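Next come the chains, spelled out residue by residue.
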Amino acid sequence: MSIAVVTWQRLNLLGRILAIVVPILLALGLVTIGVAYVAGPYAVGFLADNVPLLRFVAAIGAVLLLTIPTAFIVIYLELKVIARMNLRVGPDRVGPFGTAMSVVHGLKFLSKEDFAPTGVDLRVFTLAPVVVFGGSVMTFLVIPFAPGLFGLDMNVGMLYLFAMSGLTVVGLLMAGWSSFNKYSLLGGLRSAAQMVSYEIPLTLALVGVVLLAGTMSLNQLVLAQSGSIADWYVWRQPLALIIFVIAGIAEANRSPFDLTEADQEIVAGFATEYSGMRFGFFFFAEYVNVFVVSALIVTFFFGGWTAPFDWPFPVVISGIDPLAWGVGSLIALLLVPVVGTLVLAAPFWLSSRISTLQALVIGFILFNVVAVGLLLGWAFVSLDWVTGLFWFFAKSYVFVFFFVWLRGTLPRVRIDQLMGFAWKWLLPAALVNIFVTAAVIVIVNS
Amino acid sequence: MTELWYVVGFAVVGVAFVFLVLGLSWLITHRNRGDEHKGRPYESGIDTYGDTWGRFGISYYIYALLFVAFDIEVIFIYLWALVFRDLLLAGFISMLIFVAILLVGLGYAWRKGVLTWK
């Protein structure tokens, strides 16, 4: 036997994996360096000539990457918050405080059998989750996350939003119809009737906002509300806010309007026959939609990314030029992590009980927490898009929490109450809101 | 033009993402055809009876019809709201008349009892 074979047999499993992975990574790294060396200048030139393309790729990449943690966080919030409201503990096994629970949830969906019963219309059956998820991803295109951070500043942004949220109805109807199951069909029809009815008050409620701002671009709407907390449209359109929140919950098929998947009545509604990742995408889209509705409430009524108050400590750190510091200071800068770790580890090390290694690990983690905190704090005060992102997500998650709270509190409504409420209460209220707003504008301007 | 390509691009990439993940899931899941009972529609343990793609309540159609009428109205109201500052009183009165006509329709549907779920 050759030396290679003998060495291979002596390695344990970890050693074998490393023996395979490390050379591959080395080879890949070398290839990457080579390609970058040869094609680098051409690539930079190409990208410099095609900045819009680059921007598009960045936007779609950011949006797709954003949907995944968003859904995970909303699912975790739902599990944990409702559990606490029911005086239960909720997920607490996977990860710290059960935070990795929804990741495991996602992996479970990914690895479960994706079964289609006999008799389903397979093409429509497969396309339905695609349409539903595609619709909720595409709404992200026009949402302004921070100053300068948006997919596209469309002048018909609001109409685009309603068109995309309308796609969800088509997807749910496709799912219900193609499943070859009476419960699915009922669920699909219910969802179509419900979402179609609540689409009207949802859109009419925002006419008041358009009347005030004179624009349909979401970016311009946020700019129109910037200034102070008094400029937010919630103070001038309270009725519109109430209508929009109610209709938004119904559009996202959330409790107390979750008749489409009322499990005590029609099993799971349109999703009865779905399993595996095809069901996973319905699930995914539902939670992304919760975030989208919250983000829209914030954008239209709570000033989007604008801060509720001016940050009272303006710290502008400028003129930092590390290259001018000289070699000595740069080496001193490299020592900061080491010294920081040692300083933070010292109290734990002195207090006995803990071994030196454990103290060092704790010190290292603490140093990272402090460093990242300082860095984020610096970014918050000096970069306006970080501030914008912070306020946008903070406000949005307040409404996500509100939706979860509703689900933990309210019982499901009956379908006749649901439909009657949309047409007999919300629609007239939305019309009254429009005309009152318009009348005030006429009086003020004449 | 850029806007259109953004929308088309978002749609294409979003759909491609879903199909990619479905493909990945197809690669790592186990599949088993099972016997004929596995493929039956799940209706709480009872075999399905009659035609699934058959008849259902008329209320669903009527709500869809009402929706079409009011959704078109919404499009008009949005355009009106966009230019309202130039129209003021004249625009206010004309929109009042427009909505009044539609409200007659809604009132008719209300009196006919269409809005009450049966």
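Before reading on, note that the structure itself is shown above.
Quick notes on the rules
- Residues numbered from 1 in each chain as written.
- Chains lettered and ligands numbered in written order.
- Predicted model: local features only at pLDDT ≥ 70, side-chain atom pairs only at ≥ 80, totals over all residues.
- Heavy atoms only, no water.
- Phe/Tyr/Trp six-rings, centres within 6.5 Å; stacked < 30°, edge-to-face > 60°.
- Helix = DSSP H or I, 4+ residues; strand = E, 2+ residues; numbered from the N terminus.
- Buried < 20%, exposed > 50% of the residue type's maximum accessible area, 1.4 Å probe, protein only.
- Lys NZ or Arg CZ within 6 Å of the ring centre and 35° of its normal.
- Expected span 1.5 Å × (residues − 1).
- Contact = heavy atoms within 4.5 Å.
- Buried area = accessible area lost by both parts, 1.4 Å probe.
- Salt bridge = Lys/Arg side-chain N within 4 Å of Asp/Glu carboxyl O.
- Polar contact = N/O pair within 3.5 Å; in protein donor to acceptor, adjacent residues only side chain to side chain.
- Nonpolar A, V, L, I, M, F, W, Y, C, P; charged D, E, K, R; others polar.

> Outline the packing of aromatic side chains, supporting the account with residue identities and numerical values.
Counting across every chain of the model gives 37 aromatic pairs over all chains. Look at F56 of chain A and Y6 of chain B: their rings are 5.4 Å apart centre to centre, the planes differ by 90°, and that puts the pair in the edge-to-face class. One end of the pair, F56 of chain A, is in helix α3 (residues 51-85); the other, Y6 of chain B, is in helix α1 (residues 2-28), on a second chain. This pair shows no difference in class: F56 of chain A is buried, exactly as Y6 of chain B is. Each ring, one from F402 of chain A and one from W405 of chain A, has its centre 6.3 Å from the other, and the planes form 85°; the classification is edge-to-face. Highlighted residues: F402 of chain A and W405 of chain A, both in helix α14 (residues 384-409), separated by three residues, approximately one helical turn. An aromatic cluster of at least three residues, connected via ring pairs, comprises F140, F145, F291, F392, F393 and Y397 of chain A. K108 of chain A extends its terminal NZ or CZ atom over the ring of F109 of chain A, reaching a point 5.0 Å from the ring centre.

> Let's hear about α1 of chain B: which residues, and what values?
The first and last C-alpha atoms of α1 of chain B sit 39 Å apart over 27 residues, in line with the 39 Å expected at 1.5 Å per residue. Those residues of α1 of chain B that fall on the buried side of the exposure criterion are Y6, V7, G9, F10, G14, F17, V18, V21, L22 and S25 of chain B.

> I'd like to hear about the interface of chain A and chain B, residue by residue, with values.
Counting residues at the interface gives 80 residues for chain A and 64 residues for chain B. Each partner contributes to the roughly 6600 Å² buried at the junction of chain A and chain B, and carbon and sulfur atoms together form 79% of this total. A per-residue breakdown of the area chain A buries against chain B is headed by K182, W423 and F435 of chain A, which together make up 10% of the total. The interface formed by chain A and chain B holds zero salt bridges in total. Our count for the chain A to chain B interface comes out at four residue pairs in polar contact (both at pLDDT 80 or more). Of all elements in the fold, only α3, α4 (101-111), α5 (122-138), α6 (157-178), α7 (182-213), α11 (276-301) and α15 (415-445) of chain A reach the threshold of two or more residues within the side of chain A that touches chain B. If you tally residues by element for the side of chain A that touches chain B, the top one is α7 of chain A, at 18 residues. When grouped by side-chain class, the residues that make up the side of chain A that touches chain B number 53 nonpolar, 15 polar and 12 charged.

> For the environment of I62 of chain B, give the residues involved together with the corresponding values.
Residue and element names in this part refer to chain B. One can find I62 in helix α2 (residues 59-82). For I62, a relative accessible area of 28% corresponds to the partly exposed category. The spatial distance from the C-alpha of I62 to the C-alpha of G23 is 40 Å, given a sequence separation of 39 residues.

> Which residues make up the side chain of Q237 of chain A, and what are the values?
Along the chain, Q237 of chain A falls in the loop between α8 (218-225) and α9 (238-251). Aside from chain neighbours lying at most four places away, what touches Q237 of chain A is G208, V209, L212, F301, N433 and T437 of chain A.

> I'd like a description of the pattern of salt bridges, backed by residues and values.
Residue and element names in this part refer to chain A. Here the structure, examined in full by the defined rule, presents six salt bridges over all chains. Measuring nitrogen to oxygen at the nearest pair gives 2.7 Å for the salt bridge that ties R254 to E78. With R254 in the loop between α9 and α10 (263-266) and E78 in helix α3, this pair connects stretches of sequence that are 176 residues apart. Assigned by exposure class, R254 and E78 land together as buried. Connected through salt bridges with shared partners, the residues E78, R254, E286 and R407 form a single ionic network.

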